[in-house]
Amino acid sequence: MSEPFIAEIRMWACNFAPRSWAFCNGQLLPISENTALFALIGTIYGGDGRTTMALPNLSDRVPMNPGNGPGLTPRRLGERSGQKEVTLTEAQLPQHDHILNGVAEGGNSGQPSEAHFMGQDVDSAAEIISYTSDQMSLNANLSPQSLANAGQSLAHENRQPLMGINFCIALQGLFPSRS
């Protein structure tokens with residue numbers, strides 16, 4: 001493998017960073033020991049710019065090209081965006097209902113089909129919906145308690161499918177020339 005450019009980032013499938021490389025985990029490094037790297041990335045990813053600089057943090061993040069494309073908002077180099085978890089509000093959901101209809105007729109068929117609707121048990125008239133009716137129109141709403149709201153207003157996982165892999169940045173190597 002050829003010698004890397006300083007600040008080059010590569011995906012790395014191992015659980016250690018190779019010699020002269022560091023994980024892209026946002027760690028602070030002393031500028032005095034990494035002057036060439038600081039000359040290239042400065043404080044784009046953090047640090048105070050006097051004594052410390054930060055490496056890019058790709059822990060739990062997806063890399064994205066800076067700039068913008070048709071219909072996209074501009075992104076700066078080093079900009080962080082997005083959230084790991086999101087709590088949806090009712091206003092963010094499409095309008096819908098949870099009404100379940102049936103018929104207020106005794107069931108007279110033991111097999112559900114497209115021509116049958118839910119009905120009550122004829123013999124007991126109990127709230128057990130275990131038979132179907134061949135009544136041709138829906139004429140009863142079922143108990144709203146059977147379709148109660150669920151959830152606890154907690155955040156939910158909001159990530160695309162992923163596979164964990166390390167990103168490493170070259171601390172030493174060739175200083176890239178600008179074209």
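About the criteria used
Each chain has its residues counted from 1, following the order in which its sequence is written. A pLDDT threshold of at least 70 governs which residues receive local features in this predicted model, and a stricter bar of 80 or more applies before side-chain atom pairs are shown or counted, although totals over entire chains, interfaces and linings include all residues. Heavy atoms from the whole structure form the basis of all side-chain values; hydrogens and water molecules are not counted. Numbering of helices and strands runs from the N terminus, with a helix taken as a DSSP run of H or I at least four residues long and a strand as a DSSP run of E at least two residues long. Only protein chains enter the area calculation, which uses a 1.4 Å probe; residues under 20% of their type maximum are buried, those over 50% are exposed, and those in between are partly exposed. By definition, residues are in contact when any of their heavy atoms lie within 4.5 Å. A 1.4 Å probe and the Shrake-Rupley method give the accessible areas. Residues count as covered only by the protein chains that appear here. Ring pairs shown here join Phe, Tyr and Trp side chains whose ring centres sit within 6.5 Å, with only the six-membered ring taken for Trp; geometry is labelled stacked below 30 degrees between planes, edge-to-face above 60, and tilted in between.

Asks: Sorry, what's going on with the overall build of the protein chain here?
Replies: The secondary structure content of the protein chain amounts to 1 helix and 11 strands. Along its sequence from the N terminus, the protein chain presents helices and strands in the succession β-β-β-α-β-β-β-β-β-β-β-β. Every one of the 179 residues in the protein chain was classed for burial, and the buried ones make up 18%. Long-range contacts, defined here as pairs at least 24 residues apart, represent 62% of the contacts in the protein chain between residues at least 6 apart. Total accessible area on the protein chain is roughly 13500 Å²; 52% of this is exposed by carbon and sulfur atoms.

Asks: Quick question: what am I supposed to make of the packing of aromatic side chains here?
Replies: Within a pair of aromatic rings, the relevant descriptors are the distance that separates the centres and the angle that separates the planes. Under the definition given, this model contains 1 aromatic pair. With centroids separated by 5.8 Å and ring planes inclined at 80°, the aromatic side chains of Trp12 and Phe16 adopt a geometry described as edge-to-face. Overall, the relative accessible area of 27% leaves Trp12 in the partly exposed class. Note on Phe16: relative accessible area 45%, which makes it partly exposed.

Asks: Explanation requested: the environment of Met53 in the structure shown.
Replies: As for its position among the elements, Met53 is in strand 4 (residues 52-54). In this structure, Met53 is in contact with Gln27, Leu28, Leu29, Ile31, Asn34, Leu37, Phe38, Ile41, Gly42, Gly46 and Gly47, ignoring residues within four places of it in sequence.

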